[in-house]
Amino acid sequence: MKKLTILYVGRDEGITETMNRLLNVRKEWTGLTACSDGEALKICRDTEIDLVLLGNGITADEEGKLIADLKLIKPDIKIIQHYGGGSGLLYGEIMSVNF
């Protein structure tokens with residue numbers, strides 16, 4: 001399996017920092033994080049992203065617009081919800097995606 005580049009988007013800076021650490025601890029992942037939609041879209045335009053994790057604090061309206069905007073940049077990008085929990089749950093969420 002190739003190394004995955006994963007973008008986490010959430011609104012809480014503390015959780016986003018934790019997610020950055022968790023995503024980058026595994027050698028088979030490169031983790032990037034963003035707290036704003038604008039930052040997430042810039043990262044997606046500038047970097048080859050394999051998976052986007054949508055985290056805490058994103059409203060339903062924001063989520064719908066963000067997904068649509070991400071799909072305009074990269075129509076086949078994988079996007080899933082990250083529900084929190086420990087690193088085992090995170091690993092399970094990511095590994096459940098069909099790449």
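What counts, and at which threshold
Residues numbered from 1 in each chain as written. Predicted model: local features only at pLDDT ≥ 70, side-chain atom pairs only at ≥ 80, totals over all residues. Heavy atoms only, no water. Axes fitted to C-alpha atoms, helices over the stretch in contact; angles between N-to-C directions. Helix = DSSP H or I, 4+ residues; strand = E, 2+ residues; numbered from the N terminus. Parallel < 35°, antiparallel > 145°, perpendicular 65-115°, else oblique. Left-handed = near helix turned anticlockwise from the far one by under 90°. Contact = heavy atoms within 4.5 Å. Nonpolar A, V, L, I, M, F, W, Y, C, P; charged D, E, K, R; others polar. Pairing = 2+ DSSP bridges. Salt bridge = Lys/Arg side-chain N within 4 Å of Asp/Glu carboxyl O. Buried < 20%, exposed > 50% of the residue type's maximum accessible area, 1.4 Å probe, protein only.

(A) Examining the packing of helix α2 (residues 37-46) against helix α3 (residues 60-73) more closely. Closest axis-to-axis distance for the α2/α3 pair is 10 Å, and the angle between their directions is 20°. Judged by the inter-axis angle, α2 sits roughly parallel to α3. In the packing of α2 onto α3, the handedness of the crossing is right-handed. Along its contact with α2, which presents Asp37, Ala40, Leu41, Cys44 and Arg45, the element α3 presents Glu62, Leu66, Asp69, Leu70 and Ile73. A per-class count over the contact of α2 with α3 returns 6 nonpolar, no polar and 4 charged.

(B) Quick look at the sheet that holds strand β4 (residues 78-81). Taken in spatial order, the 4 strands make up an open sheet running β2-β1-β3-β4, and their pairing is parallel. Among the strands making up the open sheet, the edge pair consists of β2 (29-34) and β4. With strand direction ignored, the average angle separating the axes of adjacent strands in the sheet is 25°. Relative to β4, strand β3 (residues 51-54) runs parallel, the two being bridged by 4 bridges. Bridge pairing in β4 places Leu53 opposite Ile80.

(C) Focus on the pattern of salt bridges. Applying the stated rule across the entire model yields 7 salt bridges. Residues Glu62 and Arg11 are paired through a salt bridge, measuring 3.6 Å at the closest nitrogen-oxygen approach. Placement of Glu62 in helix α3 and of Arg11 in the loop between β1 (4-9) and α1 (13-25) is noted, with a sequence separation of 51 residues between them. For Glu62, a relative accessible area of 30% gives the class partly exposed. Between Asp69 and Lys65 there is a salt bridge, with its nearest N and O atoms 2.8 Å apart. Here Asp69 pairs with Lys65, and both are found in helix α3, just 4 residues apart, close to one helical turn. With relative accessibility at 52%, the residue Lys65 sits in the exposed group.

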